[in-house]
Amino acid sequence: MGEAVILEAVRTPFGRRNGAFREVRPDGLLADALRGVVERAGLDAARVEDVVTGCVTQAGEQGANIGRLGVMLADFPVEVPAVTLNRMCGSSQQAVHFASQAVAAGDMAYAIGCGVESMSRAPMFSDIAFEGGGFERLNPALFEKQELIHQGESAERIADRWKISRNDADAFAARSHALASGRRDHPEILALSGLDAEGNRTELTSDEGVRPDVSLKKMSGLKTVFRPDGNGVVTAGNASQISDGASAVLIGDRERAEADGLKPKARFLARIAVGDDPTMQLTGVIPATRAALKKARLSINDLDWIEINEAFATVVLSWADDFRPDMEKVNPWGGAIAHGHPLGATGGGLMAKMVAGLEATDGTLGLQVMCIGHGMATATIIERI
């Protein structure tokens, strides 16, 4: 059995829906991430033995095994295979898990876990013909077994159960933008060309959705989305942004990589996937965190960096209420409320951000955890080498 290590981790800037990447196909975004990760690591792409790709809406330009299409567009040798999977918001985190497990098992020396989502060009739910707020293509028998609701309503029920106020959610959202806009250096981001609002070519070196001047007063004036009677908490301001982007994490067998002159960045201490209540559906981050900490034989206070996906502010705030972490270690460079959430790309993107953050702060232990639709969650604990 080998030891799987992270050799390099990158992501594209995350663009707003119909923003800078509106004319960039998702397979092209993925190709940029794949090309970038092997170039930064200094590894010949021919050495990669599999590319495991996360993508949620596998329809239109994101259909036909987009992982394989991205590999070919990146000019990897045709001998490099690829597969595409969907674990919804945890897709590329799961891709990293699968790639690292294959390396740890000794099945291959090098693999890539990656992800992509263009929510501009392959709109969310277009794979199930979502219309008017209902899940018309799901099996009616499911609704006899479970109460399946929109994630936004789940986020509202989390606010009810944990007594999270609108002010709490808005303040957390403002914090996300403030932390993200405070970063001048984004070591994990690959600079890419895009379009500005007027259609002129521009270079993106940071995330398009981050707002440096968020006003809590203006945020408090936004209408609630899922409970329009005014009794709700969730607004467009305290939920993750709809975005476009890609990410890639290069994983290798430690002994082989060091023999090839490559320097490992981190190793895996825990890889977790859990199922949870499909109605509350976003609370799986709590049992996933517990399972990851138990697997790694750690406590929440041992961690130096925590990335919990900001699908909704209420998800992070309820999780924090259970674990009582040092909040300075939670999403220290901001999260998806500020930088966006390109569904299939976010898992790899948060991993890349966490690896870069641990390096920047000389930290050692990091936890990444993500809520997932229909009541699941993924969690990873890494140790910087």
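Residues numbered from 1 in each chain as written. Predicted model: local features only at pLDDT ≥ 70, side-chain atom pairs only at ≥ 80, totals over all residues. Heavy atoms only, no water.

Undergrad: So what's going on with the overall build of the protein chain? Which residues, and what values?
TA: Looking only at helices and strands, one finds 12 helices and 12 strands in the protein chain. Compactness check: the protein chain gives a C-alpha radius of gyration of 20 Å against a globular reference of 21 Å for 385 residues, within 12% of the reference. With the principal axes as the frame, the protein chain shows a C-alpha extent of 60 × 50 × 50 Å. Across the protein chain, 40 positive and 51 negative side-chain charges occur, with their mean positions spaced 3 Å apart. (Helix = DSSP H or I, 4+ residues; strand = E, 2+ residues; numbered from the N terminus. Rg over C-alpha atoms; globule rule 2.2 N^0.38 Å. Lys, Arg positive; Asp, Glu negative; His and termini not counted. Charge placed at Lys NZ, Arg CZ, Asp CG, Glu CD.)

Undergrad: Please provide a residue-by-residue account of the packing of helix α1 (residues 26-41) against helix α2 (residues 66-73), values included.
TA: The N-to-C vectors of α1 and α2 enclose an angle of 60 degrees; their axes lie 8 Å apart at closest approach. Judged by the angle between their axes, α1 and α2 are oblique. Of the two elements, α1 crosses α2, and the hand of that crossing is right-handed. Taking contact as the criterion, the partners of Pro-26, Asp-27, Gly-28, Leu-30, Ala-31, Leu-34 and Arg-35 in α1 are, on α2, Ile-66, Gly-67, Leu-69, Gly-70, Val-71 and Leu-73. Within the contact of α1 with α2, the residues separate by chemical class into eight nonpolar, three polar and two charged. (Axes fitted to C-alpha atoms, helices over the stretch in contact; angles between N-to-C directions. Parallel < 35°, antiparallel > 145°, perpendicular 65-115°, else oblique. Left-handed = near helix turned anticlockwise from the far one by under 90°. Contact = heavy atoms within 4.5 Å. Nonpolar A, V, L, I, M, F, W, Y, C, P; charged D, E, K, R; others polar.)

Undergrad: I'd like to hear about the nonpolar core, residue by residue, with values.
TA: Counting residues in hydrophobic clusters, the biggest one holds 44 residues, and the most contacted among them are Val-285, Ile-300, Phe-312, Trp-319 and Leu-367. Among the elements of the structure, α5 (151-162), α6 (166-181), β9 (266-275), α9 (285-296), β10 (305-308), α10 (313-323), β11 (365-372) and β12 (376-384) are those that each provide at least two residues to this core. If we skip the residues at most four places from it in the chain, Val-285 touches Ile-308, Val-315, Trp-319, Val-369, Met-370, Cys-371 and Ala-377. Leu-7, Leu-30, Val-51 and Ile-112 belong to the second-largest nonpolar core, a separate cluster that totals 38 residues. (Core = buried A, V, L, I, M, F, W, Y, C linked by side-chain atoms within 4.5 Å. Buried < 20%, exposed > 50% of the residue type's maximum accessible area, 1.4 Å probe, protein only.)

Undergrad: Which residues make up the side chain of His-341, and what values do they have?
TA: Position of His-341 relative to the elements: it lies in the loop between α11 (336-339) and α12 (343-361). For His-341, the side chain forms a polar contact with the side chain of Asn-309, separated by 3.4 Å. Of the polar contacts made by the side chain of His-341, one reaches the side chain of Thr-346; its length is 2.6 Å. Beyond its immediate sequence surroundings of up to four residues, His-341 is in contact with Cys-89, Met-119, Ser-240, Gln-241, Ser-243, Asn-309, Ala-336, Thr-346 and Met-370. (Polar contact = N/O pair within 3.5 Å; in protein donor to acceptor, adjacent residues only side chain to side chain.)

Undergrad: Residues and numbers for the packing of aromatic side chains, please.
TA: Summed over all chains, the structure comprises two aromatic pairs. Look at Trp-305 and Trp-333: their rings are 5.1 Å apart centre to centre, the planes differ by 85 degrees, and that puts the pair in the edge-to-face class. Within this pair, whereas Trp-305 is found in strand β10, its partner Trp-333 is found in the loop between α10 and α11, the two being separated by 28 residues in sequence. Trp-305 gets classed as buried once you look at its relative accessible area, which sits at 2%. Looking at Trp-333, the relative accessible area reads 9%, which means it is buried. Geometrically, the ring pair formed by Trp-319 and Phe-323 is tilted, given 5.4 Å between the ring centres and 40 degrees between the ring planes. Note that Trp-319 and Phe-323 are positioned in helix α10 at a spacing of four residues, about one turn of the helix. An identical accessibility class is assigned to Trp-319 and Phe-323; each is buried. The ring of Phe-14 has Arg-11 sitting right over it, with the charged end atom 4.6 Å from the ring centre. Across from the ring centre of Trp-333, 3.9 Å away, lies the NZ or CZ of Arg-183, which sits over that ring. (Phe/Tyr/Trp six-rings, centres within 6.5 Å; stacked < 30°, edge-to-face > 60°. Lys NZ or Arg CZ within 6 Å of the ring centre and 35° of its normal.)

Undergrad: Any chance you could break down α12 for me, citing the residues and the numbers?
TA: Counted at 1.5 Å a residue, the expected span for α12 with its 19 residues is 27 Å, and the 27 Å between its end C-alpha atoms agrees. Extensive coverage of α12 is indicated by the burial of 16 of its 19 residues. Just beyond α12, the residue with positive phi is Asp-362, at close to 60 degrees. (Expected span 1.5 Å × (residues − 1).)

Undergrad: Describe the packing of α6 against α10, with residues and values.
TA: Relative placement of two packed helices is described by the angle separating their axes and the distance separating the axes. Orientation of α6 relative to α10, taken along the N-to-C sense of each, is 100 degrees, at an axis distance of 9 Å. Taken together, the axes of α6 and α10 are roughly perpendicular relative to one another. Facing Asp-168, Ala-169 and Phe-172 of α6, the residues of α10 in contact are Ala-313, Val-316 and Leu-317. Partitioning the contact of α6 with α10 into residue classes produces five nonpolar, no polar and one charged.

Undergrad: Please set out the pattern of salt bridges residue by residue, giving values where relevant.
TA: All chains considered together, the criterion is met by 22 salt bridges. One salt bridge connects Arg-267 with Glu-3, and the closest N-O pair in it is separated by 3.7 Å. With a gap of 264 residues between them, Arg-267 in strand β9 and Glu-3 in the segment before β1 (4-11) connect regions that are remote in the sequence. Judged by its relative accessible area of 28%, Glu-3 is partly exposed. (Salt bridge = Lys/Arg side-chain N within 4 Å of Asp/Glu carboxyl O.)

Undergrad: Explain the pairing of β1 to me, using residue names and the numbers behind them.
TA: Buried residues dominate β1, accounting for eight of its eight residues. As defined by bridge partners, β1 adjoins strand β8 (residues 243-253) across seven bridges and the pair is classed as antiparallel. Looking at β8, one finds that Glu-8 is bridged to Leu-250. For β1 and β9, the ladder comprises two bridges, and the chain directions are antiparallel. If you follow Val-5 over to β9, its bridge partner there is Arg-267. (Pairing = 2+ DSSP bridges.)

Undergrad: Report on the pairing of β11, specifying residues and quantitative values.
TA: The element β11 is extensively covered by neighbouring structure, given that eight of its eight residues are classed as buried. Neither face of β11 is left uncovered, since the one carrying Leu-365, Leu-367, Val-369 and Cys-371 and the one carrying Gly-366, Gln-368, Met-370 and Ile-372 both have all their residues buried. Relative to β11, β10 runs parallel, the two being bridged by four bridges. The residue of β11 that forms the bridge with Glu-307 is Gln-368. As paired elements, β11 and β12 share eight bridges and run antiparallel to each other. Its bridge partner lying in β12, Gln-368 is registered against Thr-380. Joining the antiparallel neighbours β11 and β12 is a turn of three residues, in which His-374 adopts a positive phi near 65 degrees.

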